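For reference, the chains in residue letters:
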Amino acid sequence: MPLSGKRIVVTRPRELAQGLAALIAQAGGEPLLFPTIEIRDAEDPAPARALLARLHEFDLAVFVSPSAVRKAFELAAGREWPARLRVAAVGAGTRRELESRGLRQVIAPAGRADSEALLALPEMAGARRVAIFRGAGGREWLGEALAARGARVEYAECYRRERPPAAPLPDGRVDAFCVSSGEALRNLLSLLGRERVAQAPVFVPHERVAAVARELNLREPVLAGPADAEMLAALVAYFGAAK
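**Student:** How should the sheet that holds strand β6 (residues 129-135) be read in this particular structure?
**Tutor:** The strand order across the open sheet formed by five strands is β3-β7-β6-β4-β5, and the pairing between neighbours is mixed. Two strands in the sheet have a free side with no partner beyond their single neighbour: β3 (38-41) and β5 (86-89). Going from strand to strand, the sheet's axes swing by 30 degrees on average, the running direction of each strand aside. Taken strand by strand, helix α3 (residues 66-76) contacts β3, β4 (60-63), β6 and β7 (152-162), and its axis lies near 100 degrees from that of β7. On top of the sheet, helix α4 (residues 92-99) reaches β4 and β5; it is set at about 140 degrees to β5, its chief contact.

Structure (structure tokens):
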């Protein structure tokens, strides 16, 4: 099996890590779940609930992550989705999360999972009232770019990301780290220390995260892709070439 004997740390939030962990195990590897970000409820959910109550005023709702979908729908508490409201997702994982809740014709980039790729889609043209569902303190680029096009943008911060308390990583060798964001990578260093992280390659989904790894003076990261299958393919290719 291509990952036989390889111990691979998955740093995604626990509720988002199971898919990649299962693929690693199916390929013969040993996934080590070590979340470096916890997804928690918004400190004050009232503004997001208030925006959800007037979704009919918007013509486009954008979700930046699977967690944004999950937490927004928890806050919506069964509220009916407006029939004419278009919906967009930053990436395939977020699109699948929306589709699992019955939403169809989700606007999402087919390749890169980032705001730039989403905004480049022709379906994003012409939006005038846009609601962006995100975590507290999320990236501003998409909202600013839509506003520059003439859209009125409002944010619904429906969750927050926090670094978990320190916990031990299982003893023994680590062959790779899978990291999904710059924040997760910085948290990994804080939790484990530079010496431990520097012992193994770091696999990242996006050039933006690779740039953070270089900024932190880690070894050259391995650029995979945002999907679980892309991350697995990068792991298999790397360890296959190393034999």
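**Student:** Explain the pattern of salt bridges here, please?
**Tutor:** When charged atoms on two side chains of opposite charge get close, those side chains can pair. Summed over all chains, the structure comprises 23 salt bridges. Here Glu 97 and Arg 70 are joined by a salt bridge, their closest N and O atoms 3.2 Å apart. One end of the pair, Glu 97, is in helix α4; the other, Arg 70, is in helix α3, and 27 residues separate them in sequence. Taking relative accessible area as the criterion, Glu 97 reaches 14% and is therefore assigned buried. Ionic contacts of the salt-bridge type, sharing partners, join the residues Arg 54, Glu 57, Arg 129, Arg 152 and Glu 154 into one network.

**Student:** Sorry if this is basic, but what is going on with the packing of aromatic side chains here?
**Tutor:** Each aromatic ring pair is specified by the distance between its two centres and by the angle formed by the two planes. According to the stated counting rule, one finds seven aromatic pairs in the structure shown. Ring centres of Phe 63 and Phe 73 lie 6.4 Å apart, and the angle between their planes is 35 degrees; this geometry places the pair in the tilted category. With Phe 63 in strand β4 and Phe 73 in helix α3, the pair connects residues that are ten residues apart, well separated along the chain. When the ring of Phe 63 is compared with that of Phe 133, the centres are 4.6 Å apart and the planes differ by 5 degrees; the resulting orientation is stacked. In this pair, Phe 63 is assigned in strand β4 and Phe 133 in strand β6, connecting sequence segments 70 residues apart. Through a chain of ring-to-ring contacts, three or more aromatic side chains come together here, namely Phe 63, Phe 73, Trp 81 and Phe 133. One cation-aromatic arrangement involves Arg 101 over Phe 73; the distance from NZ or CZ to the ring centre is 5.6 Å. Note that Arg 134 overlies the ring of Tyr 155, its terminal NZ or CZ placed 3.8 Å from the centroid.

**Student:** How should the nonpolar core be read in this particular structure?
**Tutor:** General note: in soluble globular proteins, nonpolar side chains tend to be found buried as a group. With 48 residues, the main nonpolar core has Phe 63, Phe 133, Phe 177 and Leu 185 as its most contacted residues. Tallying contributions element by element places helix α7 (residues 182-192) first for this core, with six residues. Residues contacting Phe 177, with those up to four places away along its chain left out, are Val 9, Leu 188, Leu 192, Arg 196, Val 197, Ala 200, Pro 201, Val 202 and Phe 203. Residues Leu 20, Val 222, Met 231 and Leu 235 belong to the second largest nonpolar core, which totals 16 residues.

**Student:** Could you clarify how one ought to interpret the sheet that holds strand β1 (residues 7-10) in this entry?
**Tutor:** Two strands in a sheet stick together by hydrogen bonds in their backbones, pointing the same way (parallel) or opposite ways (antiparallel). As summarised here, the arrangement of the five strands in space is β2-β1-β8-β9-β10, forming an open sheet in which the pairing is parallel. Each edge of the sheet is formed by a strand with only one pairing partner; in this case those strands are β2 (30-33) and β10 (222-223). Strands β1, β8 (176-178), β9 (202-204) and β10 of the sheet are contacted by helix α10 (residues 228-241), whose axis makes an angle of about 145 degrees with β9.

**Student:** I tried to follow the environment of Leu 169 on my own but got confused; where do I start?
**Tutor:** Mapped onto the fold, Leu 169 is located in the loop between β7 and β8. On the basis of relative accessibility, which here comes to 7%, the residue Leu 169 falls in the buried class. Spatially, the C-alpha atoms of Leu 169 and Leu 192 are 8.0 Å apart, while their sequence positions differ by 23 residues. Contact partners of Leu 169, with chain neighbours within four places excluded, come to Val 9, Phe 34, Val 174, Leu 192 and Arg 196.

**Student:** Explain the pairing of β2 to me, please; I cannot follow it from the model alone.
**Tutor:** Looking along a regular strand, one sees the side chains alternate between the two faces of the sheet. Relative to β2, β1 runs parallel, the two sharing four bridges. Bridged to Ile 8 within β2 is Pro 31. For the segment spanning β1, helix α1 (residues 18-26) and β2, crossover handedness is right-handed.

**Student:** What exactly am I supposed to notice about the side chain of Arg 160 here?
**Tutor:** Checked against the element boundaries, Arg 160 lands in strand β7. Here the side chain of Arg 160 touches Asp 41 through a polar contact of 2.6 Å, landing on its backbone oxygen. Discounting chain neighbours no more than four positions away, the residues touching Arg 160 are Glu 38, Ile 39, Arg 40, Asp 41, Ala 42, Glu 43 and Ala 136.

**Student:** How should I be thinking about α3 in this particular structure?
**Tutor:** Since the α-helix turns once every 3.6 residues, residues separated by three or four places project in the same direction. Within the span of α3, buried status applies to Ser 67, Ala 68, Val 69, Lys 71, Ala 72, Leu 75 and Ala 76. Against the buried residues of α3 lie β3, α2 (46-52), β4, α4, β6 and β7. Looking one or two residues beyond α3, the residue adopting positive phi is Ala 77, at roughly 50 degrees.

Rules of the game
- Residues numbered from 1 in each chain as written.
- Predicted model: local features only at pLDDT ≥ 70, side-chain atom pairs only at ≥ 80, totals over all residues.
- Heavy atoms only, no water.
- Pairing = 2+ DSSP bridges.
- Helix = DSSP H or I, 4+ residues; strand = E, 2+ residues; numbered from the N terminus.
- Axes fitted to C-alpha atoms, helices over the stretch in contact; angles between N-to-C directions.
- Contact = heavy atoms within 4.5 Å.
- Salt bridge = Lys/Arg side-chain N within 4 Å of Asp/Glu carboxyl O.
- Buried < 20%, exposed > 50% of the residue type's maximum accessible area, 1.4 Å probe, protein only.
- Phe/Tyr/Trp six-rings, centres within 6.5 Å; stacked < 30°, edge-to-face > 60°.
- Lys NZ or Arg CZ within 6 Å of the ring centre and 35° of its normal.
- Core = buried A, V, L, I, M, F, W, Y, C linked by side-chain atoms within 4.5 Å.
- Right-handed = clockwise from strand over helix to strand, strands pointing away.
- Polar contact = N/O pair within 3.5 Å; in protein donor to acceptor, adjacent residues only side chain to side chain.

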